[in-house]
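The lines below spell out each chain.
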Amino acid sequence: MMITSFMLMALLIFDFAVSTPMEMPAEPAAAQVANQNFIPVEGGSLKAKMDAAVRLGRASARSGKYWTGYQFNVKPGITVDVEWQGKKGERSSTEKYETRNLGIFFLREDESDKITRVEVYNLERQHDFNGYPVYWLGRATNDESFARLKELIDRDATEKVGERATMALAIHDDSRIGQMLESIVRNSTAERIRKSAVFWLGQTEGETMFLSELVRNDQESTEIRKQAAFAIGVSQDAQALTALQNLYSQVSNREVKKQVIFGAFVNNKNSDAAVDFLIQIAEKETDRETRKQAIFWLGQKAGQRSLEVLGQTVERTDEDTEVQKQAVFAISQRKKDESVPMLVKLAKTHPKPEVRKQALFWLGQVDDERALELFKEILSK
């Protein structure tokens, strides 16, 4: 398992991010919407417009499917669906800018009027909407938007639509978001929806205590507890790492403890304290699998102190062999100038054949002259 694939799986849960706001040039939202070829719908409220759009869709959508959409008040610091053009003309995604002009879109079936898909799109980009017509409802108030989204969250049987509706609700600019997300966690029976709400509570100010209660709750599902630990780790709370350190000693579930460790790794508020925490677990934890988890993430932390601990772990003669093999792997993930000399030494001198074999294996994965020389030396004997 390489760090790149693990981090993509763990961190890119959604196709959006919360980032430090940076201004970017943008046309007024109305002008951007006008360029989308949406079909405007009139009405005195969002519900009235929605009802009118449904009537139009039923009567006019040749494909049998159509979208309804509206603009909403976006939480500062949110980045959704951004594209930029690099110096060489390439186009790629970026999370450097906040997006202020967002719309929520619902894909409907004309016969059943059932919403089968919910998307949040950047109105400053073009989308083809699968070729289906889009009926545009203008800007909704927060209360109007919440009523629509909460209805979907409460009634969605498949969880997919409700999960996306929860995300859309969470990125509104409104002081009530935390309370609404907590209510979803307490009252929903749909695991995916609850996990989405827990994640976004980590992006909502003042929710570390609620998330900590979830982590500690032995009656809660393991997946929700793990998601709460992750949410604390990626939060902007200055006390997040302290909360995770306290939780580690308060929970007994191995999988939850491992996620607390990961939460400490991804937390970027106090890197030195996070390294101290990982080192403490790597050196003192008695559970093998939990120690291996701490050693793995310690290997991803740059710095001489973390590298020294990995080296000490693998060199101790009375150390657990499986833990040492994990330390070898963690060393292999460092930069080549750090990892290759240590791996060569281990491959040559370590007293345990399992550890030497592990070092040789990871040397075989790097393109480095020092590793090649070692293999030449071995084969010439």
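Before reading on, note that the structure itself is shown above.
I will try to describe carefully the structure that is included in this document. (Residues numbered from 1 in each chain as written. Predicted model: local features only at pLDDT ≥ 70, side-chain atom pairs only at ≥ 80, totals over all residues. Heavy atoms only, no water.)

Some thoughts on the overall build of the protein
Looking only at helices and strands, one finds 18 helices and 9 strands in the protein. Evaluated residue by residue, the protein yields a buried proportion of 53% over its 381 residues. Long-range pairs, those at least 24 residues apart, make up 67% of the contacts in the protein with a sequence separation of at least 6. In the structure as shown, the protein presents an accessible area of about 19000 Å², 48% of it carried by carbon and sulfur atoms. (Helix = DSSP H or I, 4+ residues; strand = E, 2+ residues; numbered from the N terminus. Buried < 20%, exposed > 50% of the residue type's maximum accessible area, 1.4 Å probe, protein only. Contact = heavy atoms within 4.5 Å. Areas by Shrake-Rupley, 256 points an atom, 1.4 Å probe, with all protein chains shown as cover.)

Digging into the packing of aromatic side chains
As enumerated under the stated definition, the model contains 21 aromatic pairs in all. Both rings, one in Phe 105 and one in Phe 129, keep their centres 4.9 Å apart while their planes meet at 55°; by these two values the pair is tilted. Placement of the pair is Phe 105 in strand β7 (residues 102-109) and Phe 129 in the loop between β8 (115-122) and β9 (134-139), with a sequence separation of 24 residues. With respect to class, Phe 105 is no different from Phe 129; both count as buried. Relative to Phe 265, the ring of Phe 262 has its centre 6.3 Å away and its plane inclined at 20°; by these criteria the two rings are stacked. Of this pair, Phe 262 and Phe 265 both sit in helix α11 (residues 254-266), separated by 3 residues, roughly a single helical turn. Residue class for Phe 262 comes out buried when judged on its relative accessible area of 2%. (Phe/Tyr/Trp six-rings, centres within 6.5 Å; stacked < 30°, edge-to-face > 60°.)

Focus on the pattern of salt bridges
Counting across every chain of the model gives 28 salt bridges. Counted as one network, the salt bridges with shared partners bring together Arg 117, Glu 119 and Arg 164. (Salt bridge = Lys/Arg side-chain N within 4 Å of Asp/Glu carboxyl O.)

Some words on the side chain of Ser 145
Along the polypeptide, Ser 145 turns up in helix α4 (residues 142-155). According to the relative accessible area criterion, Ser 145 is buried, its value standing at 0%. Excluding residues within four positions of it along the chain, Ser 145 makes contact with Leu 46, Tyr 70, Ile 104, Ala 140 and His 172.

Focus: the sheet that holds β7
Ordered in space as β2-β9-β3-β7-β8, the 5 strands form an open sheet in which the pairing is mixed. Each edge of the open sheet carries a strand with a single partner, namely β2 (39-40) and β8. Across the face of the sheet, α4 comes into contact with β3 (65-71), β7 and β8 while running at roughly 45° to β7. Across the sheet, helix α5 (residues 160-170) lies against β7 and β8, angled at about 30° from β8, the strand it touches most. (Pairing = 2+ DSSP bridges. Axes fitted to C-alpha atoms, helices over the stretch in contact; angles between N-to-C directions.)

On their own, these measurements won't tell you what the molecule is for.
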